[in-house]
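The primary structure of each chain is shown beneath.
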Amino acid sequence: EDQVTQSPEALRLQEGESSSLNCSYTVSGLRGLFWYRQDPGKGPEFLFTLYSAGEEKEKERLKATLTKKESFLHITAPKPEDSATYLCAVQAAGNNNDMRFGAGTRLTVKP
Amino acid sequence: DAGVTQSPTHLIKTRGQHVTLRCSPISGHKSVSWYQQVLGQGPQFIFQYYEKEERGRGNFPDRFSARQFPNYSSELNVNALLLGDSALYLCASSLEVHTGPPWNEQFFGPGTRLTVL
């Protein structure tokens, strides 16, 4: 069965203190690995899709990387507005594209 | 461009009642998926529809049902509500379901917060 585990569950950083979030996964035939940002009470906001090991994508202070077993979301010099829950999800090859999500990492950035 | 829209925003029901949630996908998207998100957890897949046909079903009881209309909008119905059905219900749309990037990428709506008393 497909599984996604995110760590840590919660992370508190000072503004400017860089760090990484981890997403470990097992899936039979990876079609894609997705990162979303979710603010409290709102729907997830799409950030990145990664499709093959070695792939990297960047957006502002965020950089996502992918290996055959895990993905990292690197946050460089975070700001308070980066505070949110970051969700990782995998999609397996098949006739539908439903996603299996991890429980998320709740990031708090203090000024 | 309008994103995924959902209605209502919030809903309060009592145990045993029925509820209908609605979703309109991004223009041009043919697939709609429904997810349930309980507080503190990631979204859990309920259903996926593509071109009005069910393409996937998660591990939810038969009290949950859905359908997709010719204009690609969708409804999620839940019968005989239980306290445990209280959650944020999310709708996501994508261009396609069986192809690769970027057509399989899913974009979420704001969700409907359902509270069952």
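See the structure printed just above.
What counts, and where the lines are drawn
- Residues numbered from 1 in each chain as written.
- Chains lettered and ligands numbered in written order.
- Predicted model: local features only at pLDDT ≥ 70, side-chain atom pairs only at ≥ 80, totals over all residues.
- Heavy atoms only, no water.
- Phe/Tyr/Trp six-rings, centres within 6.5 Å; stacked < 30°, edge-to-face > 60°.
- Buried < 20%, exposed > 50% of the residue type's maximum accessible area, 1.4 Å probe, protein only.
- Helix = DSSP H or I, 4+ residues; strand = E, 2+ residues; numbered from the N terminus.
- Pairing = 2+ DSSP bridges.
- Disulfide = S-S within 2.5 Å.
- Salt bridge = Lys/Arg side-chain N within 4 Å of Asp/Glu carboxyl O.

Participant: Let's hear about the packing of aromatic side chains: which residues, and what values?
Facilitator: Tallied over the entire structure, the rule returns ten aromatic pairs over all chains. Relative to Phe-64 of chain B, the ring of Phe-60 of chain B has its centre 5.1 Å away and its plane inclined at 65 degrees; by these criteria the two rings are edge-to-face. For the residue pair Phe-60 of chain B and Phe-64 of chain B, the accessibility class agrees, reading buried in each case. Joined through ring pairs, the aromatic side chains of Tyr-36, Phe-46 and Phe-101 of chain A together with Tyr-35, Phe-45, Phe-107 and Phe-108 of chain B make up one cluster.

Participant: A description of the pairing of strand β4 (residues 30–38) of chain A should follow, citing residues and the corresponding values.
Facilitator: Residue and element names in this part refer to chain A. Among the nine residues in β4, eight count as buried, and that is most of the element. As judged from the eight bridges shared by β4 and strand β9 (residues 84–92), these two strands associate in the antiparallel manner. Of the residues in β9, the one forming a bridge with Trp-35 is Cys-88. As paired elements, β4 and strand β5 (residues 45–50) share five bridges and run antiparallel to each other. Its bridge partner being in β5, Leu-33 is matched across the sheet by Leu-50. Remark: six residues form the turn of the hairpin made by β4 and β5, two consecutive strands paired antiparallel; Gly-41 in that turn has positive phi of roughly 75 degrees.

Participant: Let's hear about the state of the cysteines: which residues, and what values?
Facilitator: Chemically, a disulfide is nothing more than a covalent bond linking the sulfur atoms of two cysteines. Evaluated as defined, the whole model comprises two disulfides over all chains. Here Cys-23 of chain A engages in a disulfide with Cys-88 of chain A; their sulfurs sit 1.9 Å apart. The chirality of the disulfide connecting Cys-23 of chain A with Cys-88 of chain A is left-handed, given an S-S dihedral of about -60 degrees. One end of the pair, Cys-23 of chain A, is in strand β3 (residues 19–26); the other, Cys-88 of chain A, is in strand β9, with 65 residues separating them in the sequence. In this pair, the class of Cys-23 of chain A matches that of Cys-88 of chain A, namely buried. Between the sulfur atoms of Cys-23 of chain B and its disulfide mate Cys-91 of chain B the distance is 1.8 Å. Judged by the sign of its S-S torsion, about -60 degrees, the bond between Cys-23 of chain B and Cys-91 of chain B is left-handed. Note that Cys-23 of chain B is positioned in strand β3 (residues 19–24) and Cys-91 of chain B in strand β9 (residues 87–94), a separation of 68 residues in sequence. Residues Cys-23 of chain B and Cys-91 of chain B agree in their burial class; the two are buried.

Participant: Residue-level account of the pattern of salt bridges, with values.
Facilitator: This model, assessed by the stated rule, comprises nine salt bridges over all chains. The closest approach of N and O atoms between Arg-37 of chain A and Asp-39 of chain A, which form a salt bridge, is 3.1 Å. When the shortest N-O distance is used, the salt bridge between Asp-85 of chain B and Arg-63 of chain B registers 2.9 Å. On the criterion of sequence distance, the pair formed by Asp-85 of chain B in the loop between β8 (74–78) and β9 and Arg-63 of chain B in the loop between β6 (53–57) and β7 (64–68) is long-range, its members being 22 residues apart. For Asp-85 of chain B, a relative accessible area of 4% puts it in the buried group. Residues participating in the shared-partner salt-bridge network are Arg-22, Arg-67 and Glu-75 of chain B.

Participant: An account of unusual backbone geometry is requested, with residue identities and associated values reported.
Facilitator: Across the junction of Ser-7 of chain A and Pro-8 of chain A, the peptide omega takes the value -10 degrees, indicating a cis bond. Residue position: Pro-8 of chain A is located in the loop between β1 (3–7) and β2 (10–14). Even without glycine at this site, Ala-77 of chain A takes up a positive phi of about 45 degrees. Positionally, Ala-77 of chain A belongs in the loop between β8 (70–75) and β9. For Lys-52 of chain B, which is not glycine, the phi torsion reads 75 degrees and is therefore positive. Relative to the helices and strands, Lys-52 of chain B resides in the loop between β5 (44–50) and β6.

Read these as geometric descriptors, not functional statements.
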